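# A structural walkthrough
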Amino acid sequence: MPFIKLTKPERKRFGIMLVCVVLAVMAWLFMALNRKYPYTVKTELIYKEEPQGKAFKALQPDTVDLKVEGTGWQLLFSRLRIKPQSIKVSLRKLNTRNYVLFSEQLEQINGQLETSQRVISIKPDTLYFDFSKRTTKRVPVRLNSKLSFAPQYGVAGNVELTPAFVNISGPHEELQKITSWYTDTLKITGIDNSVETRINLKQSTTNNISIYPKAVGVKIPVDEFTEKVLDIPLTVINNNNFNTVKLYPKRVKIIFLVALSSYKQIDEDFIQASVDLNEWRNSGHNNLRVKLIRFPAYCKLISIVPQKIDFIIEK
């Protein structure tokens, strides 16, 4: 194909024409994107003005499709969703009926959105609810945590939650399934001091269960740990025939980590070590394993020396 060679004036005219075409396309695109278009986005529902004295259960998911009128720019970037990315829906009408109509609340819903967006319709337009008598239950709070400590540090006592119990209310059949309520995950790293903070409780996955209070206080005693060794006497369990049992040795060394604040307090009265004669009677073992049947909860066992002991039974 022959190459068309343009003169300098022709190249100049061609450049001007190309610029005009680009400007015309940009002007058309700008005007087109400034026009109003309808588009559909999904959004989450947040219920407000819940009926008092009633437990309710939504019979459909807590997301709806909004038909929104917005500019072409918003349509182009509709994956950004509406702002805010949820809408609040009043449940006041549930005091007299078991459904809510979005068409009755469009004005209030549009008041929650950016002025450049307008909801035309919502699908489904009607939300239906199932009612049952609301009851209340008191359940313990459980701390959900991911904690990491500085070297030689750890939890040195009972974790305190204030309050330790919360009240939940909702349908009786739903509350029967709940035995405790967890907090959000408490994440702290490099801990080298006691922790005192507040944390929110996990939100209910259903709108028909309420929790009070919404947050609890958390106290975690933290201390530096050090090694301690105690010489503990052994006891024999399951000696059903009351045989005379001689143990070699009669005592074992328990090596463990203990908080500095509890170092003097923890003595051999806090620890009980034993051997089980059923290991010989039922399994024919020639030596017996040492087991700890009492040990402080916030001490950390390192080793038992020896772990197995010899024995003689005198009949």
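Look up: the structure comes first, before these words.
Let me begin by describing the structure that accompanies this report. All figures in this text were calculated on a predicted structure; none of them were measured in a lab. (Residues numbered from 1 in each chain as written. Predicted model: local features only at pLDDT ≥ 70, side-chain atom pairs only at ≥ 80, totals over all residues. Heavy atoms only, no water.)

Another point: the overall build of the chain. Within the chain, the regular secondary structure consists of five helices and 22 strands. Scored against the burial criterion, the 315 residues of the chain give a buried share of 33%. A total of about 20300 Å² of accessible surface is found on the chain, and carbon and sulfur atoms cover 54% of it. (Helix = DSSP H or I, 4+ residues; strand = E, 2+ residues; numbered from the N terminus. Buried < 20%, exposed > 50% of the residue type's maximum accessible area, 1.4 Å probe, protein only. Areas by Shrake-Rupley, 256 points an atom, 1.4 Å probe, with all protein chains shown as cover.)

Given two aromatic rings, their pairing is described by the distance between the two centres and the angle made by the two planes. By the definition in use, this model includes four aromatic pairs. Judged by centre distance (6.1 Å) and plane angle (50 degrees), the rings of Tyr99 and Tyr128 are tilted. Residue Tyr99 is located in strand S5 (residues 99-101), and its partner Tyr128 is located in strand S7 (residues 126-149); the two are separated by 29 residues in the primary sequence. The aromatic ring of Tyr263 is capped on one face by Lys228, whose charged end is 4.5 Å from the ring centroid. Seen from the ring of Phe225, Lys300 lies directly overhead, with NZ or CZ sitting 4.7 Å from the centre. (Phe/Tyr/Trp six-rings, centres within 6.5 Å; stacked < 30°, edge-to-face > 60°. Lys NZ or Arg CZ within 6 Å of the ring centre and 35° of its normal.)

Our focus in this paragraph is the sheet that holds strand S19 (residues 288-289). Strand order across the open sheet formed by three strands is S16-S22-S19, with antiparallel pairing between neighbours. In this open sheet, the two strands that pair with only one neighbour each are strand S16 (244-248) and S19. Across five bridges, S16 lies against strand S22 (residues 308-314) in antiparallel orientation. Bridge pairing links Thr244 to Glu314 in S22. (Pairing = 2+ DSSP bridges.)

With antiparallel pairing, the three strands of this open sheet are ordered in space as S9-S14-S12. The open sheet terminates on both sides in strands that have one partner only, identified here as strand S9 (160-162) and strand S12 (195-200). This sheet shows a mean twist of 25 degrees between the axes of neighbouring strands, independent of strand direction. Looking at chain direction, S12 and strand S14 (residues 215-220) are connected through six bridges and run antiparallel. If you follow Ile199 over to S14, its bridge partner there is Val216. (Axes fitted to C-alpha atoms, helices over the stretch in contact; angles between N-to-C directions.)

A separate point is a nonpolar patch on the surface. On the surface, Leu18, Val22 and Met26 cluster together into a nonpolar patch covering about 280 Å² of accessible area. Turning to its location among the elements, Val22 is positioned in helix H1 (residues 8-34). Look at Val22 and you get partly exposed, because its relative accessible area is 41%. (Patch = residues over 30% accessible without salt bridge, like charges linked within 9 Å, V, L, I, M, F, W, Y side chains within 5 Å. Salt bridge = Lys/Arg side-chain N within 4 Å of Asp/Glu carboxyl O.)

This model, assessed by the stated rule, comprises eight salt bridges. Residues Arg97 and Glu104 are paired through a salt bridge, measuring 2.7 Å at the closest nitrogen-oxygen approach. Asp231 is the partner of Arg251 in a salt bridge, and the nearest nitrogen-oxygen pair spans 3.1 Å. Separated by 20 residues along the polypeptide, Arg251 in strand S17 (residues 251-259) and Asp231 in strand S15 (residues 222-237) bring together distant segments of the chain. Overall, the relative accessible area of 36% leaves Arg251 in the partly exposed class. If you follow the salt bridges from partner to partner, you end up with Asp231, Arg251 and Glu268 in one network.

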